[in-house]
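Each chain is listed here by its residues.
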Amino acid sequence: MTAVPLASGAHVASIGRDPRAAGPALGRSDDVAHAVARPVVDGLDSAVCGQLVTVTAAEDWGTSQAPTRCAECARIAG
Ligand SMILES: [Zn+2]
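Residues numbered from 1 in each chain as written. Predicted model: local features only at pLDDT ≥ 70, side-chain atom pairs only at ≥ 80, totals over all residues.

*Asks:* Which parts of the structure should I look at to understand the overall build of the protein chain?
*Replies:* Scanning the protein chain from N- to C-terminus turns up two helices and five strands. Reading the secondary structure of the protein chain in the N-to-C direction produces α-β-β-β-β-β-α. Among the 78 residues that make up the protein chain, the fraction classed as buried is 29%. (Helix = DSSP H or I, 4+ residues; strand = E, 2+ residues; numbered from the N terminus. Buried ≥ 20, exposed ≤ 12 C-beta atoms within 10 Å, placed from the backbone.)

Dropping the structure here:
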């Protein structure tokens, strides 16, 4: 676990009371990050773009530091 919380990105989550609970979770397919609608559990799930990805429920799409983000997920989930 090398994740370090980012201070930025808080403006992205504006629809929920708790950004961590309201924002999509982070899914990965190869080296690409995808957004996965909550609630999720760790494992395989469909990202908002429709792709099957490996989900990490403890990570948030909005604060992810993944170097590559799925363009379709970014368009849907912001
Ligand atoms: Zn995607």
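*Asks:* Would you take a moment to explain the pairing of strand S3 (residues 43-46) for this structure?
*Replies:* Consecutive side chains of a regular strand alternate in pointing toward one face of the sheet and then the other. The sheet contact formed by S3 and strand S4 (residues 52-60) spans four bridges and is antiparallel. Bridge pairing in S4 links Leu44 to Thr54. (Pairing = 2+ DSSP bridges.)

*Asks:* Is there a simple way to think about the nonpolar core in this case?
*Replies:* One recurring pattern in soluble globular proteins: nonpolar side chains tend to sit buried together. Within the largest apolar cluster, 14 residues are counted, with the highest numbers of intra-cluster contacts made by Ala35, Val36, Ala47, Val48 and Cys73. The element best represented in this core is strand S2 (residues 32-36), accounting for three residues. Among all residues touching Cys73, those that are not within four sequence positions of it are His34, Ala35, Ala47, Val48 and Cys49. (Core = buried A, V, L, I, M, F, W, Y, C linked by C-beta atoms within 7 Å. Contact = placed C-beta atoms within 7 Å.)

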